[in-house]
Amino acid sequence: MANKSIPKKEFFAPIKAWKYIFKKPVTIKVPYVKREAAERYRGFHINDWNECIGCGTCAKICPTDAIRMVEVDDLPHEYGKKPQRPVIDYGRCSFCAMCVDICTTGSLKMTREYVHVSPEPEDFIFAPTEKGIHGIEDVPVGWIRDEGSDLLELERVEMEMIEGEGRSKSFIEYVKGYSKEQAMHEAARCVECALCTDRCPQHMQIPEYIKAIWRDDLTDALKWLLKGNEENNMLGANPFSAVCGRVCTHKCEEACSLGNRGEAIAIRWLKRYIVDNVPEYDKVLEARPENKGKKVAIVGSGPAGLSAAYFLATMGYEVEVFESLSRPGGVMRYGIPSYRLPDEALDKDIAFIQALGVKILVGVSVGKDIPLQKLKNEFDAVFVSTGFTLGRSTGIPGTEHEDVIQALPLLREIRDYLRGEGPKPKIPKSLVVIGGGNVAMDVARSMARLQIMEYGKVDVKVTSLERTYEEMPADMDEIEEGAEEGVKFYPGWGPVRIVIKNDKVMGIELKKCLQVFDENRRFNPKFDENERQTLEAEMVVEAIGQAPDYSYLPEDLKEKLEFVRGRILTNEYRQTSVKWLFAGGDIVNGPDIIHGVADGYWAARGIDEFLTKGVK
């Protein structure tokens, strides 16, 4: 190898440095002399405890393990927050500012303070507040995250769907679902704070299955959906993941830490991506557990009943489900339009439950075809989850007319007609729906589609007591999409009477609503009796709420049960005051599918305790 001569410039460089040997060094006599730090200096931290949600992303990203999350007794436990705050060890901190760059709320910042002198090592470990390490007001702020250093992607991957006019012409499912690339991109946004798990009624292991999507391991993702935390009695498992991936109320997304600064993770759509892209659930099925030799009867095949059946079957119990209608699924089958929840998705979930040996008897009405007492005699325990099957009426004059109908029977009639199992429902040229919830939206949007098919135009009007869209209990997506499909909204009006001429419904008279709830948040509407309007309609649908039907309960048994505002009172394991009888779903916690799944889970746990340990 040829020798290379050292450049003259480099050879004399060390000698030139000797000229500084006699110069006086610059010395800062800490703490007596303090030099002002640069504007974006990365000094000690401050943290706004009012903004901090205890998500722990700062601790997870710290490369030197200088941050740990500590429980704070005085902080309340709220959904979307943890009663924790970061504690920083400045013996480890490298002042890299990654904790600030990833903070999901912007509560954590770095100051221009860099001097702290103490003989006690513990003084360099503290939980920063707005007053900083020295406890002073108006600490000079240094490093703040900007666009160049932000480590979070705050915009979610947009879901593709059929647009308004196109989707209103059929009952085809209009949400298309994520592609592999879209799902992995969306999954990569998750910071794994698990605030969503805490908010979910079933405590689904959301960060775990989202991480599995990011790894492109859908079999593992599906196991997290269907088996949950196996080490903790399958907590978080959801046998209705195909259903919840489409129509869950997704309260988990409201707790998502990214939602504080941007858009929450699309948790519901990611769940749907998993189940839509694993053809058969049997990949997660294992050998059935040993039969315990005991039988459980379940009344009602809605989300609570079939979820209880699923969890009991995984424990080794024989389960029979009794359903009065011709198909299983309850409100999922008959109360949700097919453009939101197609039969194929529901059937996939139910087939998985049946594959575990669960028997579903349809067309059998408990209380009519078979007494509840007979189930008590032939089974070791009974779980009732009969849902809210009766509608509530406004009771205004004219509601007795045959063209003033309840929402749920109409939705059931539409579903039967579309699958070829029932007659064509009456399709009015003009319709008014009373109510501001999701059921009202389902009726309005379904009838808008039928009107397009029948008459080529939409005349559907929705009126509600709530005065603004934000106050209406329906999801904002439902309201916005309904408007795109031609539905007209009249919020802030209360019904007075049905207008009837020559025995025909002509419309509904309304009066202005000034207040829905009083200062104690009790339902106590107030109206301006002088401000009124009439909406034309050939048919009126009441969608102001549903009620339970307890006609199947014998009177002597009903007297032993405890009720709170029409709902059955249970303990945490959904056990009623009659020890062999358990209850869940709408009749315990109100209408919500994921709540029903949670009720089924805890009821199964309670029944298992009752039958194996005799827990009273």
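Up top you'll find the structure we're talking about.
Just so it is clear, the structure is predicted and the values come from calculations on it, not from any experiment.

Enquirer: Can you break down the overall build of the protein chain residue by residue, with the values?
Expert: Within the protein chain, the secondary structure is distributed over 22 helices and 22 strands. Oriented by its inertia axes, the alpha-carbon framework of the protein chain measures out at about 110 × 65 × 60 Å. Burial status across the protein chain gives 52% buried among its 616 residues. Within the protein chain, residue pairs in contact and separated by at least 24 positions form 71% of the contacts whose partners lie at least 6 positions apart. When the accessible surface of the protein chain is totalled, it reaches about 30,400 Å², and 49% of it is carbon and sulfur.

Enquirer: Outline helix α17 (residues 407-418), listing residues and values.
Expert: Taking 1.5 Å of rise per residue, the 12 residues of α17 would be expected to cover 16 Å, and the 17 Å separating its terminal C-alpha atoms lies within 8% of that figure. Regarding α17, the residues found buried are A407, L408, L410, L411, I414, R415 and D416. Looking at the buried residues of α17, the elements they touch are α14 (331-334), α15 (343-354), β11 (404-406), α18 (438-455), β18 (539-542) and β19 (546-547). Downstream of α17 by one or two residues, G420 has phi in the positive range, about 75°.

Enquirer: Could you give me a rundown of the sheet that holds strand β17 (residues 523-536), with the residues and numbers involved?
Expert: On the basis of which strands lie adjacent, the open sheet formed by 3 strands has the order β15-β16-β17 and antiparallel pairing. The open sheet has two edge strands with one neighbour each: β15 (493-501) and β17. Taking the axes of each pair of neighbouring strands and ignoring which way they run, one obtains an average angle of 25° across the sheet.

Enquirer: Which residues make up the nonpolar core, and what values go with them?
Expert: Counting 142 residues, the largest nonpolar core has L375 and V433 as its most contacted members. With sequence-adjacent residues up to four places away left out, V433 is seen in contact with A440, V443, A444, V460, K461, V462, T463, V541 and A543. Grouped together as the second largest cluster of nonpolar side chains are 18 residues, Y90, C93, V100 and M110 included.

Enquirer: Let's hear about the environment of Y339: which residues, and what values?
Expert: Assignment of secondary structure puts Y339 in the loop between α14 and α15. Along the primary structure Y339 and R167 are separated by 172 residues, whereas in three dimensions their C-alpha atoms are 8.6 Å apart. Among residues more than four places away in sequence, those in contact with Y339 are F171, I172, E173, Y174, M441, D442, R445, S446 and R449.

Enquirer: Explain a negative patch on the surface to me, using residue names and the numbers behind them.
Expert: Where like charges cluster on the molecular surface, the negative patch consists of E153, E155, E158, E160, E163 and E263. Topologically, E263 is positioned in the loop between α11 (251-255) and α12 (267-276). Its relative accessible area of 37% is what places E263 among the partly exposed residues.

Enquirer: I'd like a rundown of the sheet that holds β18, residues and numbers included.
Expert: Spatially, the 5 strands line up as an open sheet ordered β11-β18-β12-β13-β14, and their pairing is parallel. What marks the edges here is a single partner per strand, and that holds for β11 and β14 (488-491). Neighbour-to-neighbour, the strand axes of this sheet turn through a mean angle of 20°, independent of strand direction. With 4 bridges connecting them, strand β12 (residues 431-434) and strand β13 (residues 460-464) associate as parallel partners. Note on β13: the bridge partner recorded for V433 is V462.

Enquirer: Explain the pattern of salt bridges to me, and be specific about the residues and the numbers.
Expert: Throughout the structure, instances matching the rule amount to 45 salt bridges. Between D403 and K426 there is a salt bridge, and its shortest N-O distance comes to 2.9 Å. Placement of D403 in the loop between β10 (390-391) and β11 and of K426 in the loop between α17 and β12 is noted, with a sequence separation of 23 residues between them. A relative accessible area of 11% places D403 in the buried class.

Enquirer: Run through the packing of aromatic side chains, naming residues and quoting values.
Expert: Inspection of every chain in the model, using the stated rule, returns 17 aromatic pairs. Look at F44 and Y90: their rings are 4.9 Å apart centre to centre, the planes differ by 85°, and that puts the pair in the edge-to-face class. Note that F44 is positioned in the loop between α2 (13-16) and β1 (45-47) and Y90 in the loop between β3 (84-89) and α4 (98-102), a separation of 46 residues in sequence. By relative accessible area, which is 6% here, F44 ends up buried. With a relative accessible area of 9%, Y90 lands in the buried category. Connected via pairs of aromatic rings, a cluster forms that spans Y310, F311, F352, Y573, Y601 and W602. K511 extends its terminal NZ or CZ atom over the ring of F527, reaching a point 4.5 Å from the ring centre.

Calculation notes
Residues numbered from 1 in each chain as written. Predicted model: local features only at pLDDT ≥ 70, side-chain atom pairs only at ≥ 80, totals over all residues. Heavy atoms only, no water. Helix = DSSP H or I, 4+ residues; strand = E, 2+ residues; numbered from the N terminus. Buried < 20%, exposed > 50% of the residue type's maximum accessible area, 1.4 Å probe, protein only. Contact = heavy atoms within 4.5 Å. Areas by Shrake-Rupley, 256 points an atom, 1.4 Å probe, with all protein chains shown as cover. Expected span 1.5 Å × (residues − 1). Pairing = 2+ DSSP bridges. Axes fitted to C-alpha atoms, helices over the stretch in contact; angles between N-to-C directions. Core = buried A, V, L, I, M, F, W, Y, C linked by side-chain atoms within 4.5 Å. Patch = residues over 30% accessible without salt bridge, like charges linked within 9 Å, V, L, I, M, F, W, Y side chains within 5 Å. Salt bridge = Lys/Arg side-chain N within 4 Å of Asp/Glu carboxyl O. Lys, Arg positive; Asp, Glu negative; His and termini not counted. Charge placed at Lys NZ, Arg CZ, Asp CG, Glu CD. Phe/Tyr/Trp six-rings, centres within 6.5 Å; stacked < 30°, edge-to-face > 60°. Lys NZ or Arg CZ within 6 Å of the ring centre and 35° of its normal.

The quantities given are spatial measurements derived from coordinates; they are silent on function.
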